[in-house]
Amino acid sequence: MPVRVLVDSAALLSPTDLPEDLLVWIPLTIRVDHQTFREGVDEIPPELWPPSDRTKAFVLEPPTEEELRALYTRLAPSTSAIVAVLHSGRLSPLVARARAAASAVLGRCPVHVIDTQTMGIAQGWIAEAALRLAAQGQSVHEIVRSLRGMLSRLYSVFVTESLEALERNRLLSKTQRILGTMLGIRPFLMMEDGALLPLEKARSTEKALEKLIEFAAEFSRAERVGVLYGPARSLQEAHAFAQRLQEAMQARELVVRPYGPSLAAWIGFDGLGVMIKE
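Residues numbered from 1 in each chain as written. Predicted model: local features only at pLDDT ≥ 70, side-chain atom pairs only at ≥ 80, totals over all residues. Heavy atoms only, no water.

**Q** Which parts of the structure should I look at to understand the pattern of salt bridges?
**A** Oppositely charged side chains can form a pair if their charged atoms are brought close together. In this structure the tally under the stated criterion is 12 salt bridges. When the shortest N-O distance is used, the salt bridge between arginine 224 and glutamate 253 registers 3.3 Å. Residue arginine 224 is found in strand E11 (residues 224–229), and its partner glutamate 253 is found in the loop between helix H8 (235–249) and strand E12 (254–258); the two are separated by 29 residues along the sequence. Accessibility expressed as a relative area gives 15% for arginine 224, which makes it buried. (Salt bridge = Lys/Arg side-chain N within 4 Å of Asp/Glu carboxyl O. Helix = DSSP H or I, 4+ residues; strand = E, 2+ residues; numbered from the N terminus. Buried < 20%, exposed > 50% of the residue type's maximum accessible area, 1.4 Å probe, protein only.)

In structure tokens form, the structure reads like this:
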């Protein structure tokens, strides 16, 4: 029986050449005020993407432990093992719930939960590798070993103007948010050990983008690079930035993708990010 790969909707996968029969999606629920929708399943209400009120809170709600237990139980009879490739356990309780739920199939179907310590394109790269290895018939231990070897070679950095989202997620204090808004601060964020950390700040959008390029240019041997942009930014703006980035680092592969509600819940609607696989 094949190895099945579970991937939550915070991941962005390439739409081509993936063995979809081995892929099981885990949609994340997004709550906005009194409305909810499932990321990647339900249509996002157009008035919410992006909302006219940029201070609106998108809250990420992963499946419950009971729902994950039911999913494992349903999959167990038709798979030799389950590999769950999930977004960072520092950003939601999904990883912890997925590990706890594995007891439902203990002794019947091994469950390996990979905390990718990231989300978006970088999480998608790990999921794609898992799917390709599973399609090749690799053992679950080889798949897990290979995926864990990728984690230390992934880097993610962002800039955003949504200080409200950063305050809501306790990345900034209320005082920092108020002062930052008054001074036009653009935070520079890095994903480190699965946590989003505000490291630096710039006094304009252009200076913030220059910091992104300076950081990325240090990775002269980058294998893959992804540019992520929020719904409040235009595709043209993202492509113009990607061109500047490519001139600075000469990546072998560079893709530009919009990010979804799960990342917007953390950095807001006007973020721009770079993800690198070294």
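**Q** What's the story with helix H7 (residues 205–217) in this structure? I'm lost.
**A** Each full turn of the α-helix corresponds to 3.6 residues, which orients residues three or four apart in the same direction. With 13 residues, H7 should cover 18 Å at 1.5 Å per step; its first-to-last C-alpha distance of 18 Å lies within 8% of that length. All buried positions along H7 are accounted for by Ala208, Leu209, Leu212, Ile213, Phe215 and Ala216. Looking down the long axis of H7, one finds its buried residues gathered within 160° of arc, a one-sided arrangement. (Expected span 1.5 Å × (residues − 1). Arc of directions from axis to C-beta.)

**Q** Help me out: how do you make sense of the side chain of threonine 116 in this one?
**A** Checked against the element boundaries, threonine 116 lands in the loop between strand E7 (111–115) and helix H3 (121–135). Note on threonine 116: relative accessible area 3%, which makes it buried. Here threonine 116 is in contact with Val85, Leu86, His87, Ser88, Gln123, Ile126 and Leu151, once residues within four sequence places are set aside. (Contact = heavy atoms within 4.5 Å.)

**Q** How do you make sense of the sheet that holds strand E3 (residues 29–32) when you look at a structure like this?
**A** Each strand in a sheet pairs with another by means of backbone hydrogen bonds, the pair being arranged parallel or else antiparallel. The strand order E4-E3-E5 describes an open sheet built from 3 strands, whose pairing is antiparallel. Of all the strands in the sheet, the pair left with one neighbour each is strand E4 (35–38) and strand E5 (58–61). Strand-to-strand twist in this sheet, taken as the mean axis angle between neighbours without regard to direction, amounts to 25°. Alignment of E3 against E4, held across 4 bridges, turns out to be antiparallel. Residue pairing across strands places arginine 31 opposite threonine 36, the latter belonging to E4. (Pairing = 2+ DSSP bridges. Axes fitted to C-alpha atoms, helices over the stretch in contact; angles between N-to-C directions.)

**Q** Whenever I open this one, the nonpolar core confuses me. Can you help?
**A** The nonpolar side chains of a soluble globular protein tend to be buried, and buried together. Residues Leu6, Tyr72, Val83, Val85, Leu147 and Phe158 are the most contacted members of the largest nonpolar core, which totals 75 residues. Not counting the four nearest positions on each side in its chain, leucine 147 is found in contact with Val83, Val85, Ile114, Ile126, Ala129 and Ala130. If you look at the next biggest cluster of nonpolar residues, it comprises 25 residues, including Ala208, Ala222, Val225 and Leu272. (Core = buried A, V, L, I, M, F, W, Y, C linked by side-chain atoms within 4.5 Å.)

**Q** Can you walk me through H8 in this structure?
**A** In this model, H8 (15 residues) spans 21 Å end to end at C-alpha, consistent with the 21 Å of a helix rising 1.5 Å per residue. Of the residues making up H8, those classed as buried are Ala238, Phe241, Ala242, Leu245 and Met249. Along the axis of H8, the buried positions cluster into a sector of 105°, meaning they face one direction only. More than 90 degrees from the buried face of H8, the exposed residues found are Gln236, Gln243 and Glu247. Packed against the buried residues of H8 are H7, E11, E12 and strand E13 (272–277). Positive phi shows up at glutamine 250, right after H8, with a value of about 55°.

**Q** I would appreciate a short explanation of the environment of leucine 131 in the present structure.
**A** By secondary structure assignment, the location of leucine 131 is in helix H3. What makes leucine 131 buried here is its relative accessible area of 0%. A C-alpha to C-alpha distance of 24 Å links leucine 131 and serine 92, two positions 39 residues apart in sequence. For leucine 131, the residues in contact, after removing those within four places along its chain, are Val5, Leu13, Leu18, Pro19, Leu22 and Leu23.

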